[in-house]
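One-letter residues, chain by chain:
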Amino acid sequence: MQMTSTAAAIAALALAIAGTRDASAQALQAAAALQGTAIDLSGTWANRLHEDWIERAPGPHIGDYTGLPINDEARAVADAYQVSMQNMPERQCILYTTQYIVMGPQNLRIQQELDPISGAVVAFHMSGTVDRATHDVWMDGRPHPSPNAPHTAGGFSTGKWEGRMLTVTTTHLKSGLVWRNGVPHSDQATMVEHYARHENMLTVTMILTDPVYWEEPFIRSATFEIDPNTRVLPEPCEPQVEIPRTPGEVPHYLPGTNPYLAEFPKMFNLPAEAARGGAKTTYPEYGKALRSTYKSPDRCTVYCCGGTTLTVMNNNQGACRSDDPPATPPATPPAAPPAKRE
Amino acid sequence: MPTLGRVLRAGAVLGIAVITFSTVAAQGRGAAPQTPAAPAAPAPPPTGKAGAPVDLTGTWVSVITEDWRWRMVTPPKGDYASLPINMDAKKAADTWDPAKDEAAGEACKGYGAPGLMRQPTRLRVAWQDDNTLKVEADAGTQTRLLHFGEWKAPGGAPTLQGDTTASWETGARGRGGNAPPPMFGNLKSVTKNLKPGYLRKNGVPYSDKTTLTEYWDLLRQPNGEQWMVITTVVEDPTYLARTWITSLNFKKEANGSKWDPSPCSAR
């Protein structure tokens, strides 16, 4: 930073004493180029999944909206969702919207695009793996397009440095899934992200604002570690018939007919209201009220060990594979498999 | 079009020429040759409070939009999902008995610094003195002290909140003591000497060898909201197979009207 500031000052001095309009423009450009990048974010970043493992890796339970400040419209959409909808050939390659680049299960690659003359950072290009829209963050000061411009899965993103933190604003998103059990965001959603690097870690905080489906801005944060050995698989999506269907059939539940919604709260002894989410359920006072009636289940029955836990993996039915006796199996096995699509 | 390097070189040459000319001219104006002044004593580093690039004081509420089922309520015994624990930790967690903790006066084991910050809680952050940032949590009625400067831990028995040293990370170097603090940066804190406790309230343990490192970032939103995101790194050679990294989100509140201290709960 010191060198950058000094060099920028020299460039500014050149501007001050050069006197010509062309030289001024060039010196300004040089100063901007040098000050334009506070830190280098480029590289491959490994996702550690130490938070929201179930939601980000195997997929959330059907009807689990805990911690999501959604409204009734969002609940109605999510309740009607059937994950097998994703099997339809015409839907298999629909991209997740750009919020899923950092909030999904995959690793992250960040590349800088530099101006070949000035060296200034024109954009950061962030990519995950298959079926995620590339996240292009423009750093060159270009404005966001007209509200009437097309919306895409990637949206339109601009970035600016706030000290050593990159702040990104995204508009023009298509509607999409926030969680893989059908919780949606609309095409009116906007997103602010903050990229903060601390030593070998990158913490990405996303704040999604959506007047259609969300009662309050939705904040999530995820931390990655830089790792040159990390794989970011560029898998192309090739649609094919996975399940023969009657032409025109779209898997879904009509309102009030989803038979699996009650399973999640029952599995964890939660009141049905808690599973339905909403802004009030995300604040400490809700937890205090809940604790007066809540009784923890006697034993964990599903996803107990988690993907990053132990050196042995669980069988996702309650028992960690170890030399210990397995956990008591659930009285009724979970009938609704979580969403499968990554 | 000149390249950036040419612009800089040209600027540097011209700058040196201007500075040299200005210096010679200034020396020529005085009647007598100037005696070089004695070098000023280096200014002391700013205190933690004076050197703060951002203001973290105020009341903050944890917004539980992540890991809700593990944070808002106590999960069942044997639920270790997403925790990189080893088999020793698993065995210890499988013996978790909240009634036993209560009987032993250990109901606060889930409220030591590594577990406390994941509780649904409000934080009240204020300067206790120029080099001590006090962080109170109404969950469990706990207080953490973050010490800046040359503070040395007093030693002694491990405690629930441990001993914490703190510093500002601004990215700036070579700043003198009288220079204004930079406008951006984050707080880094390192906590050691922790009494054993629980990472998760269902008895997933951490040991007295644990080190808790936290990076406190302030996020300003276009609508005026402020968020504090704390990137949290837990290292424990006894019970963790690798570092456990999470990030916690707190929203700033206008005042402390919702501050509601409550005792520790083992359940």
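Residues numbered from 1 in each chain as written. Chains lettered and ligands numbered in written order. Predicted model: local features only at pLDDT ≥ 70, side-chain atom pairs only at ≥ 80, totals over all residues. Heavy atoms only, no water.

Glancing now at the confidence of the model for chain A. All names here are of chain A. Per-residue pLDDT for chain A has a mean of 82; in total, 77% of the residues score no lower than 70. Across chain A, the element-wise mean pLDDT spans from 41 in helix α1 (residues 2-18) up to 98 in helix α4 (residues 72-79). In this model, residues 309-318 is a region of pLDDT below 50 whose contacts with residues beyond four sequence positions or in other chains number 37 contacts. Residue range residues 322-342 is modelled with pLDDT below 50. Its contacts to residues more than four positions away, or to other chains, number 44 contacts. (pLDDT = per-residue confidence, 0-100. Helix = DSSP H or I, 4+ residues; strand = E, 2+ residues; numbered from the N terminus. Contact = heavy atoms within 4.5 Å.)

Glancing now at the pairing of strand β11 (residues 244-253) of chain B. All names here are of chain B. Most of β11 is tucked away: nine of the ten residues are buried. In this structure, strand β10 (residues 226-235) lies alongside β11, joined through eight bridges in antiparallel fashion. For valine 233, the partnering residue across the bridge sits in β11 and is isoleucine 245. (Buried < 20%, exposed > 50% of the residue type's maximum accessible area, 1.4 Å probe, protein only. Pairing = 2+ DSSP bridges.)

The next thing to look at is the side chain of Thr132(B). Residues and elements named next belong to chain B. Summarising the element assignment, threonine 132 is placed in strand β3 (residues 132-137). Residue threonine 132 is classed as buried on the basis of its relative accessible area, which comes to 6%. At a separation of 2.9 Å, a polar atom in the side chain of threonine 132 contacts the side chain of aspartate 129. (Polar contact = N/O pair within 3.5 Å; in protein donor to acceptor, adjacent residues only side chain to side chain.)

Backbone hydrogen bonds are what pair the strands of a sheet, in a parallel or an antiparallel way. All names here are of chain A. Ordered in space as β1-β2-β3-β4-β5-β6-β9-β10-β11, the nine strands form a closed barrel in which the pairing is mixed. Taken over all neighbouring pairs, the strand axes of this sheet differ in orientation by 30° on average, direction set aside. Relative to strand β11 (residues 218-226), strand β10 (residues 201-209) runs antiparallel, the two sharing eight bridges. Counted as the bridge partner of leucine 202 is phenylalanine 224 from β11. (Axes fitted to C-alpha atoms, helices over the stretch in contact; angles between N-to-C directions.)

Residue and element names in this part refer to chain A. By volume, the largest pocket amounts to about 480 Å³. Along the wall of the largest pocket there are 21 residues; nearest its centre are Met85, Arg91, Ser175, Gly176 and Leu177. The residue inventory of the lining of the largest pocket, partitioned by class, reads eleven nonpolar, seven polar and three charged. (1 Å grid on protein atoms, 1.4 Å probe; cavity = no way out; pocket = protein on both sides within 12 Å on 5 of 7 lines; lining within 4 Å. Points joined across faces, edges and corners; volume = space filled by probe spheres on them. Nonpolar A, V, L, I, M, F, W, Y, C, P; charged D, E, K, R; others polar.)

Right, let's get into α4(A). Because each turn of an α-helix spans 3.6 residues, side chains separated by three or four positions end up pointing in the same direction. All names here are of chain A. Inspection of α4 places Ala74, Arg75, Ala78 and Asp79 among the buried residues, and these make up the whole buried set. When α4 is viewed along its axis, its buried side chains cluster within an angular range of 130° and face the same direction. Where the residues of α4 are buried, they touch β8 (184-185). Regarding α4, its N-cap is asparagine 71, as a side-chain oxygen of that residue lies 3.0 Å from the backbone nitrogen of glutamate 73 further along. (Arc of directions from axis to C-beta.)

All names here are of chain A. Inspection of every chain in the model, using the stated rule, returns three disulfides over all chains. At a sulfur-sulfur separation of 2.0 Å, the disulfide partner of cysteine 93 is cysteine 237. Note on the cysteine 93 and cysteine 237 pair: the S-S dihedral is about -90°, so by sign convention the disulfide is left-handed. Of this pair, cysteine 93 sits in the loop between α5 (89-92) and α6 (99-103) while cysteine 237 sits in the loop between β11 and α7 (263-267), and the two are 144 residues apart along the sequence. Look at cysteine 237 and you get partly exposed, because its relative accessible area is 33%. (Disulfide = S-S within 2.5 Å.)

What follows is about the nonpolar core. Counting residues in hydrophobic clusters, the biggest one holds 37 residues, and the most contacted among them are Leu41(A), Leu108(A), Phe124(A), Met126(A), Leu166(A), Tyr195(A) and Trp214(A). If you list the elements that add at least two residues to this core, you get α4, α6, β2 (108-114), β3 (121-127), β6 (165-171), β9 (190-198), β10 and β11 of chain A. Leu41(A) has contacts with Ile110(A), Phe124(A), Trp161(A), Leu166(A), Tyr195(A), Arg197(A) and Leu202(A), leaving out every residue within four places of it along the chain. Leu116(B), Leu123(B), Leu146(B) and Trp168(B) belong to the second largest nonpolar core, which has 25 residues in total. (Core = buried A, V, L, I, M, F, W, Y, C linked by side-chain atoms within 4.5 Å.)

The next subject is the pattern of salt bridges. The full count for this structure, using the stated rule, is 26 salt bridges over all chains. A salt bridge links Lys280(A) to Glu273(A); the shortest N-O distance between them is 3.4 Å. A salt bridge links Glu106(B) to Lys195(B); the nearest nitrogen and oxygen atoms lie 3.9 Å apart. In this pair, Glu106(B) sits in the loop between α4 (98-103) and α5 (113-116) while Lys195(B) sits in the loop between β6 (186-192) and β7 (197-200), placing the two residues 89 residues apart along the sequence. (Salt bridge = Lys/Arg side-chain N within 4 Å of Asp/Glu carboxyl O.)

Let us now look at the sheet that holds β3(B). Residue and element names in this part refer to chain B. One closed barrel holds the nine strands; their spatial order is β1-β2-β3-β4-β5-β6-β9-β10-β11, and the pairing between them is mixed. If you compare each strand with its neighbour and ignore which way they point, the axes differ by 30° on average. Relative to β6, strand β5 (residues 163-169) runs antiparallel, the two being bridged by seven bridges. Counted as the bridge partner of serine 167 is lysine 188 from β6.

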